[in-house]
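# Summary of the model geometry
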Amino acid sequence: MKHLIDTFDAARLRALLSRFKKLRMAVLGDFFLDQYFEIDSACVETSVETGRQAHQVTATRHAPGAAGTVVNNLAALGVRSLSALGVTGEDGNGWTLRRDLEAAGCDLAHLQADAACVTPTYLKTRDRTLSGLEGERDRFDIKNRTPLPERIRKALLASVDLLLPALDALIIMDQVPEEGCGVMSQTLIDALSERAKHNPKTLFWADSRRRIHRYRQITLKANQFELAGVSAPLPGASVPDEALSHAAAMFAGRAGAPVFVTAEARGVRVAGPLSVTVPPVRVTGPIDPTGAGDAFTAGAAAALAAGATHPEAALIGNLTASVTIRQLGTTGTAAPSDLSAALALWREQQS
């Protein structure tokens, strides 16, 4: 770790970031639409028909979510060749999601539209009269509740095979917890693991909320609870350091690939050929962790594809996430200039 602190400086960061614009990357998985409704509690009305409160939406906004958050962050970091591999419904939310992804410069030739599906959507309501995260209200989720047709996954695997010879990195985002209702299935996971084994020059990176232990030969990102198999951690809970390091090493051995384990204020544990813990950037003031893991994935995966070492990639992922968590009420992004400022702060904290 001391070697990393001594040698990783602004010049090294600039050198890696300068290579991002030449990368060819694809994101495969569950693309969501994040839709925000701003509610003004001072404008509440009473329904004449039911007598119930009618909350008044005074502003709306939207952005790609889940796999789309990774695309947004890659674009903000300067990656210019991006492809989306997934599925949306033939609905209004799908149209909006596609428009937002196109605005980020993402190629949608392999993002299917299927009438048998709905476009996964997170509806987020917020009382705009309250500052910061205090205004957040209940979230409403629209997801596919029945298994996706297998033809979708076959078509996506065909897209992977078509794009793979030219790709520097394929990022797999396995967001939907319900078995079979998202893009990733065991058959597709196995097929991707086999392709990763036979295409060592292409970075395969996977992040999965519930199925991370099923992936093989693919660089993996998990948070401490996903690694430990804890699906609903209590507030303030954590996996002890010794148990975390042991589990990460065992996991990397079984997967046959490096593992990046995020553990909030304790940083990122990298397990594999080189095992090290990379400290985070310590951020003061209010934070919003929404999308932090996706921001880490974008920064770390792009860095690896650009030639970074595993500790360097973990640090760049940390820098990226440290910027986005300071953007309240949204799944933020980080620009290269933001990472330079975050690195200066990180080096100051390490000294």
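Refer to the structure printed above.
Values in this document were obtained by computation on a predicted structure and should not be read as measured data.

For the rest of this paragraph, the subject is the overall build of the protein. Secondary structure summary: the protein contains eleven helices and 16 strands in total. Taken against the 2.2 N^0.38 rule, which gives 20 Å for 351 residues, the C-alpha radius of gyration of the protein at 20 Å falls within 12% of a compact globule. Once the C-alpha set of the protein is aligned to its principal axes, its extents read approximately 70 × 50 × 35 Å. Taken over 351 residues, the protein has a buried fraction of 52%. In the protein, of all internal contacts separated by at least 6 residues, the share reaching a separation of at least 24 is 72%.

Here we take up the pairing of strand β2 (residues 31-39). Where burial is concerned, most of β2 is hidden: eight out of the nine residues are buried. Sheet topology places β2 next to strand β5 (residues 57-66); nine bridges connect them, and they run antiparallel. Bridge pairing in β5 links Tyr36 to Arg61. Judged from the seven bridges that link them, β2 and strand β9 (residues 121-127) form a sheet pairing that is parallel. What sits directly across from Glu38, in β9, is Arg126.

On to the side chain of Asp174, then. Residue position: Asp174 is located in strand β11 (residues 169-174). A polar contact of 3.0 Å, which involves the side chain of Asp174, links it to the side chain of Ser208. Reaching out from Asp174, the side chain makes a polar contact with the side chain of Arg211 at a distance of 2.8 Å. Ignoring anything within four residues of it in the chain, the contact list for Asp174 reads Asp30, Met184, Ile189, Asp207, Ser208, Arg209, Arg211 and Tyr215.

What follows deals with the pattern of salt bridges. Counted under the stated rule, the structure contains 17 salt bridges. A salt bridge links Glu38 to Arg61, with the nearest nitrogen and oxygen atoms 3.3 Å apart. Of this pair, Glu38 sits in strand β2 while Arg61 sits in strand β5, placing them 23 residues apart in sequence. The class for Glu38 is buried, based on a relative accessible area of 9%.

It is at 9 Å that the axes of helix α10 (residues 310-324) and helix α11 (residues 336-350) come closest, and there the two elements cross at 105 degrees. By the criterion of interaxial angle, the relationship of α10 to α11 is roughly perpendicular. Listed contacts from α11 to Leu315, Ile316, Leu319, Thr320, Ser322 and Val323 of α10 are Asp338, Leu339, Ala342, Leu343 and Trp346. Of the residues belonging to the contact of α10 with α11, the class tally is eight nonpolar, two polar and one charged.

Moving on, we come to the packing of aromatic side chains. Scanning the entire structure with this criterion turns up four aromatic pairs. The interplanar angle of 40 degrees and the centroid separation of 5.2 Å between the aromatic rings of Trp205 and Phe260 together place this pair among those described as tilted. One end of the pair, Trp205, is in strand β12 (residues 203-208); the other, Phe260, is in strand β14 (residues 259-262), and 55 residues separate them in sequence. Using a relative accessible area of 0% as the deciding quantity, one classes Trp205 as buried. Linked through ring pairs, Trp205, Phe260 and Phe296 together constitute an aromatic cluster. The ring of Tyr122 carries Arg139 above its face, with NZ or CZ at 4.1 Å from the centroid.

Further remarks concern helix α5 (residues 150-163). End to end, α5 covers 20 Å across 14 residues, agreeing with the expected 20 Å (1.5 Å per residue, within 8%). Those residues of α5 that fall on the buried side of the exposure criterion are Ile152, Arg153, Leu156, Leu157, Ser159, Val160 and Leu163. Projected down its long axis, α5 carries its buried residues within an arc of 155 degrees, all on one side. Projecting away from the buried face of α5 at angles above 90 degrees are the exposed residues Lys154 and Leu162.

Even without being glycine, Ala66 reaches a positive phi, approximately 55 degrees. Along the chain, Ala66 falls in strand β5.

Quick look at the environment of Leu82 now. Looking at the secondary structure, you find Leu82 in strand β6 (residues 81-88). A residue is classified by how much of its surface remains accessible, and Leu82, at 3% relative accessible area, is buried. Not counting residues within four places of it along the chain, the set of residues in contact with Leu82 comprises Met25, Val71, Leu74, Ala75, Gly105, Cys106 and Asp107.

Core analysis: the largest hydrophobic core is formed by 54 residues, its most contacted members being Met25 and Leu74. When residues in this core are grouped by element, the largest group, seven residues, is from helix α9 (residues 292-305). Ignoring sequence-local partners within four residues, the contact set of Leu74 consists of Met25, Val27, Val79, Leu82, Ile171, Ala298 and Ala302. Counting residues in hydrophobic clusters, the runner-up holds 41 residues, among them Ile172, Ile189, Leu192 and Phe251.

Moving on: helix α8 (residues 241-255). In a regular helix each residue adds 1.5 Å, so 15 residues correspond to 21 Å; α8 covers 21 Å between its end C-alpha atoms and thus fits that length. For α8, every residue scored as buried is listed here: Leu244, Ala248, Phe251, Ala252 and Ala255. What you see down the axis of α8 is that its buried residues fit within an arc of 100 degrees, all on one side. Of the exposed residues in α8, the ones pointing more than 90 degrees away from its buried face are Glu242, His246 and Gly253. On its buried face, α8 is in contact with β13 (219-223), α7 (224-228), β14 and β15 (268-271).

Cut-offs and rules
- Residues numbered from 1 in each chain as written.
- Predicted model: local features only at pLDDT ≥ 70, side-chain atom pairs only at ≥ 80, totals over all residues.
- Heavy atoms only, no water.
- Helix = DSSP H or I, 4+ residues; strand = E, 2+ residues; numbered from the N terminus.
- Rg over C-alpha atoms; globule rule 2.2 N^0.38 Å.
- Buried < 20%, exposed > 50% of the residue type's maximum accessible area, 1.4 Å probe, protein only.
- Contact = heavy atoms within 4.5 Å.
- Pairing = 2+ DSSP bridges.
- Polar contact = N/O pair within 3.5 Å; in protein donor to acceptor, adjacent residues only side chain to side chain.
- Salt bridge = Lys/Arg side-chain N within 4 Å of Asp/Glu carboxyl O.
- Axes fitted to C-alpha atoms, helices over the stretch in contact; angles between N-to-C directions.
- Parallel < 35°, antiparallel > 145°, perpendicular 65-115°, else oblique.
- Nonpolar A, V, L, I, M, F, W, Y, C, P; charged D, E, K, R; others polar.
- Phe/Tyr/Trp six-rings, centres within 6.5 Å; stacked < 30°, edge-to-face > 60°.
- Lys NZ or Arg CZ within 6 Å of the ring centre and 35° of its normal.
- Expected span 1.5 Å × (residues − 1).
- Arc of directions from axis to C-beta.
- Core = buried A, V, L, I, M, F, W, Y, C linked by side-chain atoms within 4.5 Å.

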